[in-house]
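Listed here are the chains, written in short residue letters.
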2 protein chains.
Amino acid sequence: MLTQPKPQNLNWKAIIKEFERHVGTKGVVQRKEELLTYECDGLTSYRQRPKLVVLPRTTAEVSEVVKICDRYSLPWVARGAGTGLSGGALPTEDCVLIVTALMRKILKIDLENQQVVVQSAVINNWVTQAVSGAGFYYAPDPSSQIICSIGGNVAENSGGVHCLKYGVTTNHVLGLKLVLPDGAIVDVGGEVPETPGYDLTGLFVGSEGTLGIATEIALRILKTPEAIQVLLADFTSVEAAGATVSDIIGAGIVPAGMEMMDNFSINAVEDVVATQCYPRDATAILLVEIDGLAVEVAKNAERIATLCRQNGARNITIATEPAERLRLWKGRKAAFAAMGKLSPDYYVQDGVIPRTQLPYVLQEIEKLSQKYGYAVANVFHAGDGNLHPLILYNNSVPGALETVETLGGEILKLCVRVGGSISGEHGIGADKRCYMSEMFSETDLETMQWVRKAFDPQGLANPGKIFPSPRTCGEAASPKTLERYPGVDQF
Amino acid sequence: MLTQPKPQNLNWKAIIKEFERHVGTKGVVQRKEELLTYECDGLTSYRQRPKLVVLPRTTAEVSEVVKICDRYSLPWVARGAGTGLSGGALPTEDCVLIVTALMRKILKIDLENQQVVVQSAVINNWVTQAVSGAGFYYAPDPSSQIICSIGGNVAENSGGVHCLKYGVTTNHVLGLKLVLPDGAIVDVGGEVPETPGYDLTGLFVGSEGTLGIATEIALRILKTPEAIQVLLADFTSVEAAGATVSDIIGAGIVPAGMEMMDNFSINAVEDVVATQCYPRDATAILLVEIDGLAVEVAKNAERIATLCRQNGARNITIATEPAERLRLWKGRKAAFAAMGKLSPDYYVQDGVIPRTQLPYVLQEIEKLSQKYGYAVANVFHAGDGNLHPLILYNNSVPGALETVETLGGEILKLCVRVGGSISGEHGIGADKRCYMSEMFSETDLETMQWVRKAFDPQGLANPGKIFPSPRTCGEAASPKTLERYPGVDQF
C-alpha cells in the first residue's frame, strides 16, 4: 500500500497561474461560493469542497492540467455531469476538481459503421437524439439519461432499464482517448469491436476515475427496433412474480427490460402520479418490454402472457402504441421521485443477486426493514437481478442516516451471501468501498491495487474511492469517515 | 523496459524434484523425445523445445508450480490444447511449459442461472455437449472447437462463425479463478454478469498467457434457438456481395453468422469435397445463418433474400432442415482443409476491417497476390469484417515462407490503414508482435507493459509474446527472429 505524501507549502497562486495558462482565467474556479456547486454529486449525504475547479475544453488541455497535478503531486478528481449516486465525483480535501462540462461536442457520426464519437461531457440522451432520425439509438439508458454525461457513464459502467438485453456501458464502448495520471494521451480500443493486446478499454470502463480521464469516446449505436410492446402483469405474491421472471428467461426470451415493483412502490406511485394502471392491491407488478421484428414481438408477447397466467397473474395489459406504452412506464419512471414526495429523504441501494434468489431476498429485505423500523420500497431491474431498495427516512432525525446506512449495508451483505454483487450500475465510489471486502479477498483487492498503481504510482487520481482502507473502514469507522477525515493519505 | 536476468547455474535436478513433489513423477516430462510434442502449437512454422513440461491437476498444484518458477526466476509458458494459430503457446528456450491438459473436469452446471464452471482444459465443444440435452449451448465456436480448450479460448479471446451475433469469448466469461505469476490464487468476476472494481476478468481474457493462468472458468450458456435457417447466395462481383453484407446489417438484421468465400475458395472446395452447392463460376458466395423464433427467422430470411436479389444475387438457396443446413455449411467448414490438399502449405492470416471497406480491401489483396506471385484464397467472417486470407505456397522452396510472411504482413498493414485490426480472433502470440507498432503508438504499448509489469514484475509469464521489441522487430529482423534468438531477455 502506497502512502500518499500530503502536498505541503504549495504556492497556490503560482499553480493557479499555470492552470490559467492552459484553460484561461475563466477555466479556473476558485471563489468559495462558486465552489459550492461542486461539493457533492448525486450522493448528497457526502460533501467536500474542492480546492479549485478546472474546466478544460480539449484533450490537450486535460493533459496539461493533469501534468500540472502530477508535477505538484496534487490529488485530482474528474467530474462529468455530477449525477453519480455513489459519490464517485466527490472531491477530496484540497483536490483539483477537473470538470469536463465544456467538452460537449459530438465529434463524428458514422452511420454506416454504426458508431458515434463524442467528447466526454456529451449527455447520454444526445447520442440517441443525434442518430434517431436515421433509425438508430444508443442503448444504455440510466434513469438520469437526460442529464448524465457519457464520460460519467464510462467511469461508472452505467446500466439502465434496457441492459437486460443490450448490456451495460462496457458493451457499447468501442474505443477511448484517455489522459493518464502522468498526462500521457493514449488511444485504447478502436473502430472495430475487438483489438489485440490487453483490453484496456474494458479495464477503463467502470474504473471510476481512478485510472485517468476519458476525453473522447467511440460508442456503438444500434438500429431502432421495428416493434416494441410493453406488458404489465400483476401478482398477489412476490414468489409468483419472481417465478415468472425465471420462467421468461428460462424460455429463452430476452426482454429488452423486465422491471418489478412491490406493493409499497405501487401505492407510492399511485398516490403521487396516479397512473391508474397499477392495481393498489397487487403484491407485485412486472413490467416487461420486448422489442424486435413485429412478428417476433407479437409471438413473444403471447408467450410471456401465457407464462404470467401460468404463474397466477390476475391481469395482463399489453401496450403496443407509443402513448399506451408510456402510460404503463410512467409509474416506474416516476418511482424515485414519488418516494421523494412521500418521505423527507430516501436512500437508494444498488445490489445484484442471481435471479433465482429474488423471492428469498425480498423476504429477507422485508425482515430487515421491520428489524430496523424503516420502510423499504423495492423497484428494480428484475431480469438482471439488479435490486434498488429505497429506504425512506428523515435526515433531520438524529442518527437516522447512520441507521439507514447500516440497514443498506445489511442488504448489500445479503446480496453477497446469495452469490451476488454490491453494485449493479451505480459504482462503489466513496459510498460503498467499505463493503468491497465482503465481496473480494485481500489478494483480489491487492491485484486491483497493482493495476491502479501501474497507472497512477503517486495515487493522485480520485483517491479514497472504490477501495477500502483499514483506517476508514475499520470496526469503529462508518462509511461516512471520508467526510469526517478527508484526505488522500493512501490509495 | 525491464531486463530479465537469464537464470544461471541452476540445479535442475533439485528443481525437478520440487516440481515432482507437487505433481508427481508422472507430472513432469523431461525426456527429449517426449518433449517433441510440445515444440509448437498450431503455428507450426515456429519450433522450440521447452526445458521441461509440468502437468498439474488442480489450481493448488498450478499455484505451487508457478511459485517454484517465481523462486528460481524460470520463464514459463502455459499451454492448453495447443491449437492456437499465432504461436501463443510456443515455448521459449529453457522455459517450463505448464500444460493444463489434465485439468478436464466440468465442475458445475447451473441451468437455472445459465452458467457452467469448467477447469481450463475442458474442450470447447464439451460445454455444449454437457448442456444441449437441456436445450442450452455455449456460443463461441472457433473452427477448432472439437479439440481446443476453454483455457486457450480465454487466453486468445477466441471467436468463431457465430461471434457476429453472440460476441467472442470475453462476452461469455463470467468469472475466473487465476494463478498469478507470483503463485497467488485470485478470483475475478463472479456469478452475476457485472461486478464492481476493475474488470480484471475482461483484462485477463485475451492476455495470451502473459498475466497468469486461468484454472477455473465460469461460462455463460445460452438457450438453443427455436429455429435456424441458412441462406446461400451467389454473386458475380465482390462489390455486390460486400454491399449485401452492409445492407443486411444496415437493415438492423443481426445474422448468427455471415460468411463470404471468393471464387478461388469456391473452386478449391468443390475440387476437394464436391459439395455441389457452390457455383464454380460465382465471383463470391455469401452464407448467412439466422436464428431465433420461427416467425422471426422466416421473416428475416425473406428480408435477406430480398436484399441479396436487390444487389444482383443470381441464385438463393434457403435451408431450413438440419441436413440441408449442414450441406450448405460443408464447403465453408472444409475450406482450410481443402487448401491443404491443393497446396503443400498454406499460411492463414487474421485481420479485421470496417465492414464497409470489404470490396476495396479484397481488390487490394488481389493486387498484393499478383505482386508477390502467390495465390490468396479469401474465406472469412464477412459480417464482422474479419478476414482470413489463405496464402498458398510450398515451404520446400527456399525463401517462400519469408515472402509469404511479407505478403501476410502487407495484408495486415492494409487492414490497419483502413481503420481495422491486425487480429480478429487468433491473437498476436509470437507471430504478429512485430506488427503491433502498426496499430499502437509507443505510449499505447507502454501502457500495456505497465499492466503486464504490475502482474509479472520478473517478466516470466510467456515472455516474447504480444509485444514487439527493438531487437527482434528491428529493421533487419523478420518475425521469425524468436526462433533464431530464443530467450527471455526482456518483456
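What counts, and where the lines are drawn
Residues numbered from 1 in each chain as written. Chains lettered and ligands numbered in written order. Predicted model: local features only at pLDDT ≥ 70, side-chain atom pairs only at ≥ 80, totals over all residues. Heavy atoms only, no water. Disulfide = S-S within 2.5 Å. Helix = DSSP H or I, 4+ residues; strand = E, 2+ residues; numbered from the N terminus. Buried < 20%, exposed > 50% of the residue type's maximum accessible area, 1.4 Å probe, protein only. Domains from an automatic or database assignment. Contact = heavy atoms within 4.5 Å. Buried area = accessible area lost by both parts, 1.4 Å probe. Nonpolar A, V, L, I, M, F, W, Y, C, P; charged D, E, K, R; others polar. Least-squares fit on C-alpha atoms with pLDDT ≥ 70 in both. Axes fitted to C-alpha atoms, helices over the stretch in contact; angles between N-to-C directions. Parallel < 35°, antiparallel > 145°, perpendicular 65-115°, else oblique. 1 Å grid on protein atoms, 1.4 Å probe; cavity = no way out; pocket = protein on both sides within 12 Å on 5 of 7 lines; lining within 4 Å. Points joined across faces, edges and corners; volume = space filled by probe spheres on them. UniProt positions renumbered as here; feature names shortened; annotations may be inferred. Phe/Tyr/Trp six-rings, centres within 6.5 Å; stacked < 30°, edge-to-face > 60°. Salt bridge = Lys/Arg side-chain N within 4 Å of Asp/Glu carboxyl O. Pairing = 2+ DSSP bridges. pLDDT = per-residue confidence, 0-100. Left-handed = near helix turned anticlockwise from the far one by under 90°. Expected span 1.5 Å × (residues − 1).

An unreviewed UniProt entry lists chain A under the name Glycolate oxidase subunit GlcD, from Geitlerinema calcuttense NRMC-F 0142.

(A) Structural view of the state of the cysteines. All names here are of chain A. In total, this model carries two disulfides over all chains according to the counting rule given. At a sulfur-sulfur separation of 2.0 Å, the disulfide partner of C434 is C473. Because the sign of the S-S torsion sets the handedness, a value of about -70° for the bond joining C434 and C473 places this disulfide among the left-handed ones. One end of the pair, C434, is in the loop between α14 (400-417) and α15 (436-439); the other, C473, is in helix α17 (residues 470-473), with 39 residues separating them in the sequence. Of the cysteine sulfurs around C40, a residue in no disulfide, the closest is that of C95, at 13 Å. You can see C148 has no disulfide; the closest cysteine sulfur is in C163, sitting 13 Å from it. Accessibility expressed as a relative area gives 2% for C148, which makes it buried.

(B) The domain arrangement of chain A, seen in detail. All names here are of chain A. Split into domains, chain A comes out as domain 1 (12-99), domain 2 (227-336) and domain 3 (343-417). Relative placement of domain 2 and domain 3: their C-alpha centres are 22 Å apart. Of the residues lining the interface, 16 residues belong to domain 2; the matching set on domain 3 comes to 20 residues. Roughly 1,500 Å² of surface becomes buried between domain 2 and domain 3 when both sides are summed, with 66% attributable to carbon and sulfur atoms. The three residues of domain 2 that bury the most area against domain 3 are M260, F264 and F336, which together make up 38% of that side's buried surface. When residues of the side of domain 2 that touches domain 3 are traced back to their parent elements, those giving at least two are α8 (238-250), β13 (257-262), α9 (263-273) and α12 (335-342). Residue contributions to the side of domain 2 that touches domain 3 peak at six residues, all from α8. Split by residue class, the side of domain 2 that touches domain 3 holds nine nonpolar, three polar and four charged.

(C) Summary view of the relation of the copies chain A and chain B. Each copy of the sequence occupies a distinct position, and chain A is placed on chain B by a rotation of 180° and an axial shift of 0.0 Å, giving an RMSD of 0.0 Å. Such a combination of turn and shift is consistent with a two-fold rotation axis. Ranked by how close their C-alpha atoms come to the rotation axis, the residues of chain A are headed by E296(A), at 2.5 Å. Looking at the interface residues of chain A, 100% of them are also at the interface in chain B, so both copies use one shared face.

(D) Quick look at the side chain of S158(A). As for its position among the elements, S158(A) is in the loop between α5 (150-156) and α6 (163-166). Excluding its chain neighbours within four sequence positions, the residues that come into contact with S158(A) are P140(A), P142(A), G152(A), N153(A), V168(A), T169(A) and E425(A).

(E) Focus on the packing of helix α10 (residues 294-310) of chain A against helix α10 (residues 294-310) of chain B. With their axes 8 Å apart at the nearest point, α10(A) and α10(B) run at an angle of 175° to one another. Taken as axis vectors, α10(A) and α10(B) run roughly antiparallel relative to one another. Within the contact between the two elements, α10(A) uses V295(A), E296(A) and K299(A) and α10(B) uses V295(B), E296(B) and K299(B). Residue composition of the contact of α10(A) with α10(B), by class: two nonpolar, no polar and four charged.

(F) Just empty space enclosed by the protein, in detail. Counted according to the given criterion, the structure contains four cavities of 30 Å³ or more. Estimated volume of the second largest cavity: approximately 60 Å³. Listing elements by their share of the lining of the second largest cavity, those giving two or more residues are β9 (185-189) and α7 (200-204) of chain A together with α16 (442-455) of chain B. Counting residues per element, the lining of the second largest cavity draws most heavily on β9(A), which supplies four residues. Residues of the lining of the second largest cavity, tallied by class, amount to seven nonpolar, three polar and three charged.

(G) Summary view of the UniProt feature "domain: FAD-binding PCMH-type" (unreviewed entry) in chain A. The feature "domain: FAD-binding PCMH-type" (unreviewed entry), as annotated in UniProt, sits at residues 46-224 of chain A in this numbering. Helix and strand shares over residues 46-224 of chain A are 21% and 25% respectively, and the end C-alpha atoms of the span are 39 Å apart.

(H) Geometry of the packing of aromatic side chains. The tally for this structure, following the rule as stated, stands at eight aromatic pairs over all chains. With centroids separated by 5.5 Å and ring planes inclined at 70°, the aromatic side chains of Y198(A) and F467(B) adopt a geometry described as edge-to-face. Residue Y198(A) is found in the loop between β9 and α7, and its partner F467(B) is found in the loop between α16 and α17 (470-473); the two belong to separate chains. Of the two residues, Y198(A) and F467(B), both sit in the buried class. Summarising the aromatic geometry, the rings of F336(A) and Y346(A) are spaced 6.3 Å apart at their centres and angled 70° between planes, so their arrangement reads as edge-to-face. In this pair, F336(A) is assigned in helix α12 and Y346(A) in strand β16 (residues 345-348), connecting sequence segments ten residues apart. The buried category is assigned to F336(A), whose relative accessible area is 17%.

(I) Expanded view of the interface of chain A and chain B. Counting residues at the interface gives 65 residues for chain A, matched by 65 residues for chain B. Of the roughly 5,100 Å² buried between chain A and chain B on both sides combined, carbon and sulfur atoms contribute 66%. Inspection of the region where chain A meets chain B yields zero salt bridges. Within the residue set of the side of chain A that touches chain B, elements represented by two or more residues are β9, α7, α8, α10, α15 and α16 (442-455) of chain A. Broken down by element, the side of chain A that touches chain B gets its largest block of residues, nine residues, from α16(A). Among the residues making up the side of chain A that touches chain B, the classes are represented as 30 nonpolar, 22 polar and 13 charged.

(J) How the structure looks around the pairing of β13(A). Residue and element names in this part refer to chain A. With six of six residues buried, β13 lies mostly within the body of the structure. Going residue by residue along β13, you find G257, E259 and M261 tucked away on one face and M258, M260 and D262 tucked away on the opposite face as well. As paired strands, β13 and strand β14 (residues 284-292) are joined by six bridges and run antiparallel to one another. Looking across to β14, one finds that G257 is bridged to E289. In this structure, β13 lies alongside strand β18 (residues 376-381), joined through three bridges in antiparallel fashion. In the strand pairing of β18, M260 is matched with F380.

(K) Inspection of the sheet that holds strand β2 (residues 52-54) of chain B at higher detail. Residues and elements named next belong to chain B. Spatial ordering of the open sheet is given by β1-β2-β4-β3, a layout of four strands whose pairing is mixed. Because the sheet does not close on itself, it has two edges, and the strands there are β1 (28-29) and β3 (76-79). Each of β1, β2 and β4 (96-99) is contacted by helix α1 (residues 12-23), which is oriented at about 20° to β2, the strand it contacts most.

(L) The confidence of the model for chain A, seen in detail. The share of residues in chain A with pLDDT of 70 or more is 94%, and the mean pLDDT across the chain is 92. Here residues 475-491 of chain A is a poorly scored stretch, pLDDT under 50, and it has 52 contacts once near neighbours within four places are set aside; other chains count.

(M) Seen up close, the packing of α8(A) against α10(A). Residue and element names in this part refer to chain A. Here α8 crosses α10 at 145°, and the two axes come no closer than 9 Å. Seen from above, α8 lies across α10 with right-handed handedness. Where α8 abuts α10, its residues T244, D247 and I248 lie against I304, L307 and C308. Split by residue class, the contact of α8 with α10 holds four nonpolar, one polar and one charged.

(N) Inspection of the sheet that holds strand β3 (residues 76-79) of chain A at higher detail. All names here are of chain A. Spatial strand order, β1-β2-β4-β3: four strands in an open sheet with mixed pairing. Each edge of the sheet is formed by a strand with only one pairing partner; in this case those strands are β1 (28-29) and β3. In this sheet, strand β4 (residues 96-99) lies alongside strand β2 (residues 52-54) in parallel orientation, the contact comprising three bridges. Across the sheet, the residue bridging to V53 is L97, located in β4. Here helix α1 (residues 12-23) sits on the sheet in contact with β1, β2 and β4, set at roughly 20° to β2. Strands in contact with helix α3 (residues 59-71) are β2, β3 and β4; relative to β4, the strand with the most contacts, it is inclined by about 170°.

(O) Molecular detail of helix α8 (residues 238-250) of chain B. Residues and elements named next belong to chain B. Over its 13 residues, α8 extends 18 Å from the first C-alpha to the last, a length consistent with the 18 Å expected when each residue adds 1.5 Å. Three or more residues of α8 are buried, namely V238, A240, A241, G242, T244, V245, I248 and I249. Positive phi shows up at G252, right after α8, with a value of about 85°.

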